[in-house]
Amino acid sequence: MENHKAGPIPSLAECLRAADQTKELLINRGCYAGIPSLLEKYYQAGGVYLISDENTWEAAGRKVREILEGAGIAVRGEIRFPAAPRLHAEYYHVTAIKEKLSALPNLDETVPLAIGAGTVNDLVKRASSELGRTYLCVPTASSVDGYTAYGAAILYDGYKQTMPCTAPLALAAEPETLAGAPSYLSSSGFGDLASKIIAGCDWILCDLVGPQGAPVAEPIREDVWNMTQPGLLDYLNRSIPAARGDSDAVIALFEALAITGFSMQALKSSRPVSGSEHLFSHVWEMDDLSIDGVPVTHGHKVTIGTLAATAYYELFFADPAAPPSPPKGFTRPTPSLRMVEVSSAFKGSRAHDLVVKTALEKLVDNAAADRINQAVRDHYKELREKVLARLLPYAKLKEMLGKAGCPLKPEIIGLSRSQAIATARRAQMMRNKYCLLDLSWDLGLMEGILSRLEDSPEYLR
Ligand SMILES: [Zn+2]
């Protein structure tokens, strides 16, 4: 195994330079005044079209419109989604935004301006991209990692998909607006940032077993690793008071989340920022988790996913000498048996066909599973050392998430403990992106780990 030492941590400006789509991020008090210059510098804009919701209009939209009009920039129209019920990233909203924009006589020189949190941003990002336009983003909360990602998380055909589209050319994030966001949004962003710990561990695994026949080989790329991993714990510590409206903390949190997006732009993959924990949340997004009719945020689902994945890692690497062994007589399912398993796990889901296809695509043959098994056993001690050096111990993670106002138990996001644990099985079937869930499944270890997780007096309680 190669040794990935933490290199120098690149600055925000250096991370921005590594990104190939976003050119500028303003994050300072009074930065909305800089929006007219951003429009002039990066966009051939004769005017703008504003998209917000009633809450984000009050938080930032009104002020931004005043500044634009004061600078003589034409506001060519506006969509303001209702504040309630809470906006969902449903594809039909993308269609609605596109229809309004397409009706403009001068779309070619109009810049869509997204004023909002993750959902508004994702909808505008995808709509703009489909129309061949680049947009400008005014984030109103440090709530997700997706602002600067090159894709948008959209619910399409009952399935939360990362639809490809271009990241914003520029963003203007006013600390006062971010600090004034509801605390659940900041704690959601904190959970989304904490998930990068697991993403880093999964990348270490993938780096080792990729060449052995895992379906997607993604070696660690040092410069991108350095953007997201070595500085992560420091960013998390500084971001803890974000949910209490602390201005320095929301800036740190937004900056860290923005950097994760820049790292995706640099690598053209979500590998550095999303792993097993996001697979749990993808399942819960499909299940449309809600509490009293209010949808659970992406970041809160990811938080429980991060706790579950951390527990799973600790159980996998519990023995200092060797990984767990598969049950006696274990045989790997044939493709046709696997198809039946996956099909029944997703029976009735609109995502059924896509998940079955993905699960079969990533089914490794016995020879590849043997090579992966051998590589893990040959390098176990070193692998364990590296993973545990990155992994925040469960108790510490839980304490940190608690201080940051994040949910700590599955019940808080509308799941029983057993449901949350059982999700690992469906999570592994989704997405072709090798992680510990895949590795443990390939080696016949998943059921053993899940039953130890279920019996544990500590995890997810
Ligand atoms: Zn996320």
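This structure is a prediction, so every number in the text was calculated from the model and none was measured. (Residues numbered from 1 in each chain as written. Predicted model: local features only at pLDDT ≥ 70, side-chain atom pairs only at ≥ 80, totals over all residues. Heavy atoms only, no water.)

Asker: Which parts of the structure should I look at to understand the coordination of the zinc ion?
Answerer: Six octahedral donors around a metal ideally subtend angles of 90 or 180 degrees, whereas four tetrahedral donors ideally subtend 109.5 degrees. The zinc ion binds to the protein through D192 (OD), D192 (OD), H278 (NE2) and H298 (NE2), with metal-donor distances spanning 2.2 to 2.7 Å. Classification of the site at the zinc ion as irregular follows from its four donor atoms and the range of 50 to 139 degrees in their angles at the metal. Positions of the donor residues of the zinc ion along the chain correspond to the pattern D-x85-H-x19-H. With a gap of 20 residues between them, H278 in helix 12 (residues 276–286) and H298 in helix 13 (residues 298–316) connect regions that are remote in the sequence. Assessed through its relative accessible area of 4%, H278 is described here as buried. (Donors = N, O, S within 2.8 Å, 3.2 Å for Na, K, Ca; no water. Tetrahedral: all angles 85-135°; square planar, octahedral: opposite > 155°, others 65-115°. Helix = DSSP H or I, 4+ residues; strand = E, 2+ residues; numbered from the N terminus. Buried < 20%, exposed > 50% of the residue type's maximum accessible area, 1.4 Å probe, protein only.)

Asker: When you look at the packing of aromatic side chains in this model, what are you seeing that I'm missing?
Answerer: The geometry of an aromatic ring pair is captured by two quantities: the separation of the ring centres and the angle between the planes. With the rule as written, the count across this model stands at eight aromatic pairs. On the numbers, 6.0 Å between centres and 50 degrees between planes, the contact of W203 with W225 is tilted. Taken together, the residues span a long stretch of sequence, with W203 in helix 8 (residues 196–209) and W225 in helix 9 (residues 222–228) at a distance of 22 residues. For W225, a relative accessible area of 5% puts it in the buried group. Residues F316 and F317 carry aromatic rings whose centres are separated by 4.8 Å and whose planes lie at 70 degrees to one another, so their mutual orientation is edge-to-face. Residue F317 is classed as buried on the basis of its relative accessible area of 1%. Put simply, the rings of Y313, F316, F317 and Y380 touch in pairs and so form one group of aromatic residues. Sitting over the face of the ring of W57, R80 holds its NZ or CZ atom 4.0 Å from the ring centroid. Lying over the aromatic face of F346, R426 brings its terminal NZ or CZ to 5.8 Å of the ring centre. (Phe/Tyr/Trp six-rings, centres within 6.5 Å; stacked < 30°, edge-to-face > 60°. Lys NZ or Arg CZ within 6 Å of the ring centre and 35° of its normal.)

Asker: So what exactly am I meant to see when it comes to the sheet that holds strand 3 (residues 74–81) here?
Answerer: Backbone-to-backbone hydrogen bonds join strands into a sheet, with any given pair of strands oriented parallel or antiparallel. In spatial order, the strands read 1-8-5-4-2-3; together these six strands make up an open sheet with parallel pairing. The sheet is open, and its two borders are formed by strand 1 (24–26) and strand 3, each paired with just one other strand. For this sheet, the mean inter-axis angle between neighbouring strands, taken without regard to orientation, is 15 degrees. Relative to strand 8 (residues 170–172), strand 5 (residues 136–139) runs parallel, the two sharing two bridges. Directly across from L136, in strand 8, lies its bridge partner A170. (Pairing = 2+ DSSP bridges. Axes fitted to C-alpha atoms, helices over the stretch in contact; angles between N-to-C directions.)

Asker: What should I look at first to understand helix 15 (residues 352–361) in this one?
Answerer: An α-helical turn contains 3.6 residues, so any two residues separated by three or four positions project in the same direction. Among the residues of helix 15, those classed as buried are V355, V356, T358 and A359. The buried residues of helix 15 occupy an angular sector of 165 degrees when the element is viewed end-on, so they sit on one face. In this structure, the buried residues of helix 15 make contact with strand 7 (159–164), helix 14 (335–345) and helix 19 (417–429). (Arc of directions from axis to C-beta. Contact = heavy atoms within 4.5 Å.)

Asker: Explain the domain arrangement of the chain to me, please; I cannot follow it from the model alone.
Answerer: A common measure of how large an interface is: the accessible area buried when the components associate. In terms of domain boundaries, the chain breaks down into domain 1 (12–179) and domain 2 (184–218 + 269–455). Once you take the C-alpha centre of each, domain 1 and domain 2 turn out to be 32 Å apart. Tallying the contact residues gives 16 residues for domain 1 and 24 residues for domain 2. For the domain 1 and domain 2 pair, buried surface summed over both sides reaches about 1600 Å², with 51% attributable to carbon and sulfur atoms. It is R86, Y159 and K160 that lose the most area in domain 1 upon contact with domain 2, and together they represent 39% of the buried surface on that side. The tally of links between domain 1 and domain 2 comes to one salt bridge. In this structure, the salt-bridge partner of K196 is D145, at a minimum N-O distance of 2.6 Å. If you look at where domain 1 meets domain 2, you find six residue pairs in polar contact (both at pLDDT 80 or more). Here the side of domain 1 that touches domain 2 gets four residues from one element, more than from any other, and that element is strand 7. Residues of the side of domain 1 that touches domain 2, tallied by class, amount to six nonpolar, six polar and four charged. (Domains from an automatic or database assignment. Buried area = accessible area lost by both parts, 1.4 Å probe. Salt bridge = Lys/Arg side-chain N within 4 Å of Asp/Glu carboxyl O. Polar contact = N/O pair within 3.5 Å; in protein donor to acceptor, adjacent residues only side chain to side chain. Nonpolar A, V, L, I, M, F, W, Y, C, P; charged D, E, K, R; others polar.)

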